[in-house]
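The residues making up each chain are set out below.
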Amino acid sequence: MEQSTVLKRGAASAAILVVVAAGWKVVSFFRALLREVYERKQVSRLEDVISLEQLDILARASNVNLRRSAEQLLLERVMRNTGSLRQLLRWCLCGDEEEVMKAATVLCVLVKSVDLRNHPWERPFLWTLGQMLVNSFNQTRAYTKQAKDRTITDQIRKLTTCALFEIVCDSSPKKEILCRDFPEILSCILELALSTSCKEASRYGLFLTHQMAIHDVLRDQLVEAGGIKKVAQTLIQNQGDPMLQRLSLQIVVLFAAILDIDSKVTLRTVAKEKTITPIVVCLKSDDTECVYWAVVLVHEFAINDVCKDEICEVYGLLRSLAQCLAASESSQQRLVLRVICFLGLKNDGFKSEVLHCTDLITRLPVCYASGDGDVVHWSLVLTHDLAMAGRCATQKLLECCPQIFPGLISVTGHEDRAVRRLLAETIGFFCCDEHNLLKIVDSGVLKTVLQYAVSGDVELVFWAGAMLLNLAMTSDDIKLEILKAGGLSVIMELAIGEHDNPQISPMAAKALAMLGFTDKPLVVSTACDSDNARVKINEKIYHLNKPGLNILIWNTLTSDSASQLHYQVKNVWDFKDLNIKLPSKPADEGNLVIVVIRGKHAQAYLKALKDLMLFSEISAGNKQGRFELQGDEMCVIISTLLASGLVSVSHMAKDTTINMDFEFPYNDVVNHRVAEIVVVPVIKVLFSTPPESPISKVTELELLEVLCRHEVHKDTILNCDGFIDYLRSIILQFSTKLEQEEEYPPIYIAHCLGALRILSVLSVHGNCQQQLLEQGVLVHVVNLLFYLTGLWINTVLDTALQQEASQVDPLAMGDSTSIKPLVEELDSLAGEPQLEPEQVELTSITLSDGRQYDIQSGTIRRTRLISSIAEDSNTPGAAESRHQWGSASDHVGDIAVSGQQVSSTPVRPTSMSSTQLKVHEYNEMFSSLARFAVITVSNCTNATVTIPDLVQSQQSSLAQCGALHVMWSTLLCAGAILKNSIALPVSSTIAKLSCANKSSSFADTVVLSAKDSDKTPALHLSADCLEVRNDSWTFESARATHWIDTSHVIEDGPQGWYYEASLKSGSIMQIGWANADCKFEPEKGLGVGDNKNSCAFDGGRCKIWNGPVTEQVNNEYGVEWHDGDIVSSLLHKNGNVSFWLNGTDMGTAFTALPLSQCWSPALSLSTDQQVRFNFGATPFRYPLPTGFVPVDALAAVDKKTQPVIGTEPLPAVRDYLQNLDEKNLHPQPSLYFETTLTSSTPRPFTLGLQTLANQRGKAQEVCCTVHDNVLELPTGMRLQIYPTDVSHLTVGCGLLLPPGAVFFTVHGRPINFLFAFPSEELGQEPLVPSISSCKAEVNFGETYFYYGIANERENRLSMAALLHDYTEQRSLETRTVNEIT
């Protein structure tokens, strides 16, 4: 209790002390306040005591402080004198100009010397100054007494604007009040800014203009008052004054930023005042702000695409911009870079100047390292735009600034996604420079590419995949660098990974295939002595210095150490506990294992490894003493890790000091890892689902299609039991769906297409062709074509019924181009036949057996083919299973046979009657599936020339399954795009099958060689070996059969050799010459011109090639070629080579080829490229240079001339040809084809139709024979050929159903005879063409016929349907047996 009382008393005492202290402070504050008030009163009284006269004296004192105090005292006294101020303002507005000037002086001093913010006189002063400025521009109204001195007006304006600027500066309300009270004041200010009589007045006028321009509302009023033009004029007027120019520049920029006004209009108005050069000159100013605003204004011009050309033409522009870039901060650097980028858009001349501005280019790496993201971005944009110009630009960039590429690499990890993508594209442009590619790779580009490949950004991953493929296709040195950087692992992940972009996996697979073709070795170097042990792999050093057993496991995927193991024991008896284990995971198989044994107990360590080592026959060596070490010997073992955990020993060395280099074939390493990690697992995934399963197999099929192009992977695939059967089952399942179902899920189409693509690659190889035949794959491919063409025919019929009046052509699958007769054009291409038969009225056609078929114009029923689709069951002589197909509109009709009417109406194939599909949906499916099916069949057909053992089996198989008919039908069904891709393989296949049992030697003429040593396997050659096409993704090559060497260079001999190449496409091809030592490597992208043993012109890239790509410098040549162009190649006898394009000489491309070697015409084609050669067998498009001869002159075989048959005069062919008058009837062909015979075509040449051999006997044929000057008809009748037609004769053969008779045409005009088979039944059986030699160019429908009526779309449909019907009749039994099997 007592303690509580004491505490309360203490607290009370403390409170009393606090109150006393606070009271003391309050008293002290009031005392100080009273003292201050007293002192102020004393000072005020003192100021009032000082008279004006005394202040005047003090104002003139020499003491500065005293003088300033007096002036301040005077001003304060004036401001307190209200009457004086009122009087002052009245004087400012009086009618006497001189008095106004004096008052203005005083008022200006007051405004400048006194703080008027929130002062009661601020508003009156502002109003008075505004009125004074307006009055100064209207003196006759404002002043009753004007001053004689005209400069007084300028003085008033100067003082007024100076005072106004002081009041309104940075005060938006005051500006608004001034312009509201005096709307005309803005015009006065602008006028004053352009004043030349008083510089100070003009200066303050521009100051005021700037103040008004930074106000959003008043800026628009300035523009309405003509401010844009007048401010632009101040730019010219104020040159040399950085401050005023800076203001003018800023005002113009503000004007350009007005949202309601088009910036381009503003800038064009400014430019009209000839301000471009002064603006650019401001970039050189010493005033940094003036430079900044000049850059901003130039930037506005550039981004708005106004006067860019005028800006670029100003002298010293780039030098000034380079200085701005080097001496400015990031905000200005960003603008400078943007200016250069926008000025360079669509201005190659300016870009070229930028490339030559070293000061600018050398600054770019600094910009890449900037901390400002926009600076980095726009510096990359500039580099990207410059590098996009091509190889010359990238070379110039690297020459001007060698550090530019390391600078680019430093941006790899930038956080901005857009910057990374821009960097990727820029690097891609640099990597297109083959000459500097190795240097670029050495700069570290692979790290960037591989980092982006695993970035997760779909676009960057796609770019990285494309880059890796591009790099892998260049040279073995680059391939080695990719492998050293660990690219094999990354590319495998890309190949087997899941991606949003489906193109990534195939690209990665192609890169893997390319890496598998490297010729560079994997070098393992070891240096071991008693103190150290070092292993060097791919320039990386690994130390294995510890005594005992050292094991280095080197990962061949990542090109780095996977692990290092060390074993050491102290005593010999401890070896029984030594448990040596190596990794045995599937991913470790194929890694290198390097073992180093040193020091004490070395032999015991070696014996401990005995059970882990397997020795091949090559590495076995001396088995005696294999595990023995003598004295201080050490041991080094180089081996490969197996899946079982054992190692396959490649090399073993034992010595006291070991220094050795061992080379592994790197391609074996790569192919082994790819096979184990990619190929085999992908096949297992494929086999995990049945062929008919709708689970997607697209990625797996695409990967296998690419990889099977490599011999190793092809063997791996074929060694997988059931793989070919799996593909066959996919095709069979889809064919079944085509036959039975109305809907076709896209996944089944994709699966079938993937299977066909793989087969098209496998069928290139001879050993695969036999397997495809034996397993019945070709039969199913042909069946697929059969169903596709049947589906197409039905689609056309159904579509035409619904669109009978439509102008759309349903026949052209793949495009909308109609097939129209081009008789006139074909006649012009026929040379000069000059067939002018007499006008004979054709009333009948005579059969070979003497029967007459009357043709009366009155009996012709003109009707469309599509309008009659019902089968006429009363057709005389027609078998129940056979369908009769009609012919073209406006010509189809009933042919009177023995007084009866024979209907020629069409019927759809019964097997496809239920199939329906929309035309536009069918186009893509038909094109893709048909294309690869045709390629597969064609590849197998080509083997009949190169592999004699396969001739009999293939001919029998292809004949039984109806390959010839269905291929021909497919060609007639195809639209323009598809036809371009399949015409050559289809025609080649038909021609080869048509003359399979006849000799077709090419010894007497120059053609493209079909030998494996002269042609890469994936190329398609035409039957006459003059046209070639590449459907593979590799770079395929071929060369001709004859050579040019020194034996042909003789005195009085030819001056050179000439040939022409007609382009059927216009992309990357290399056409030229190659010698016998030139090796083609299509998988590496090496063809004609890519080594020293060949030379070529590439019109797709306008370059010439004569050696490795990395060695080509300044190889630009010629002009770009296009589809349809004619390329001429000339080899001079001095070894010089030149090229023409469409008859225009492009100059000498190569000089002094060594003719001591044998040179032959050659070419290389990229994907989907096609060329036809003319070595001189037919007339050239352009005349040869004087002294030159065709390459065909090299053919040494004596070309014999066939004698004229008989001695009696023969009737002329033209006397038996129908003329082309529309009132005459031409036979409507149910089948038709033509061949063009030239002077090099072997004579006699037979042409016609034949039946297929069957159980009843050998084939029967109806053929005509062409001799040198005689056409012999099947009946033996001989007709004289017109003399000008001997060297260029087009003969056609057609079939009429009914009556199953054959007719012939010459230059598109029918001969007035029909020729029947020995019995009428034979004429109704499936027929095939019969030609005696492949050396003639045969047209089965890939181009327009000379016989114009066969080009009409209904006739094409009729022929396609008949061929489809032939296929069904011929192969029905075979297909049924195979399907059951």
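In case you missed it, the structure is sitting above this.
Analysis parameters
Residues numbered from 1 in each chain as written. Predicted model: local features only at pLDDT ≥ 70, side-chain atom pairs only at ≥ 80, totals over all residues. Heavy atoms only, no water. Buried < 20%, exposed > 50% of the residue type's maximum accessible area, 1.4 Å probe, protein only. Helix = DSSP H or I, 4+ residues; strand = E, 2+ residues; numbered from the N terminus. Salt bridge = Lys/Arg side-chain N within 4 Å of Asp/Glu carboxyl O. Phe/Tyr/Trp six-rings, centres within 6.5 Å; stacked < 30°, edge-to-face > 60°. Lys NZ or Arg CZ within 6 Å of the ring centre and 35° of its normal. Contact = heavy atoms within 4.5 Å. Polar contact = N/O pair within 3.5 Å; in protein donor to acceptor, adjacent residues only side chain to side chain.

(A) View of helix H30 (residues 476–484). By the criterion of burial, H30 is predominantly enclosed, with seven of the nine residues buried. For H30, the set of buried residues is Asp476, Ile478, Lys479, Leu480, Ile482, Leu483 and Lys484. At the C-terminal side of H30, glycine 486 shows a positive phi close to 80 degrees.

(B) Region of interest: the pattern of salt bridges. A complete count under the given rule lists 40 salt bridges for this structure. Put simply, aspartate 181 and arginine 123 hold a salt bridge, and the shortest N to O gap is 3.6 Å. Taken together, the residues span a long stretch of sequence, with aspartate 181 in helix H9 (residues 172–181) and arginine 123 in helix H6 (residues 122–136) at a distance of 58 residues. On the accessibility criterion, aspartate 181 (29% relative accessible area) is partly exposed. The partly exposed category is assigned to arginine 123, whose relative accessible area is 43%. Put simply, Asp476, Lys479, Asp519, Glu1081 and Lys1084 are held in one network by salt bridges that share partners.

(C) View of the packing of aromatic side chains. Going through the model one piece at a time under the given rule, you end up with 33 aromatic pairs. Each ring, one from phenylalanine 662 and one from phenylalanine 664, has its centre 5.0 Å from the other, and the planes form 80 degrees; the classification is edge-to-face. Classification of phenylalanine 662 by relative accessible area gives buried; the value is 18%. Between tyrosine 1058 and tryptophan 1140 the ring centres are 5.6 Å apart and the planes differ by 65 degrees, which places this aromatic pair in the edge-to-face class. Separated by 82 residues along the polypeptide, tyrosine 1058 in strand S18 (residues 1056–1063) and tryptophan 1140 in strand S23 (residues 1137–1141) bring together distant segments of the chain. On the basis of relative accessibility, which here comes to 11%, the residue tryptophan 1140 falls in the buried class. Within the aromatic cluster, the residues linked to one another by ring pairs are Tyr1059, Trp1073, Phe1173 and Phe1175. Lying across the ring of phenylalanine 137, arginine 157 places its NZ or CZ 4.0 Å from the centre.

(D) Representation of the environment of glutamine 1157 in the model. On the secondary structure map, glutamine 1157 appears in the loop between strand S24 (1144–1150) and strand S25 (1159–1165). The class for glutamine 1157 is partly exposed, based on a relative accessible area of 27%. Along the sequence, glutamine 1157 and asparagine 1093 sit 64 residues apart, while their C-alpha atoms lie 9.2 Å from each other. The residues touching glutamine 1157, leaving out its near neighbours within four places in the chain, are Ile1044, Asp1045, Asn1075, Asp1077 and Asn1093. A polar atom in the side chain of glutamine 1157 sits 2.6 Å from the side chain of asparagine 1075.

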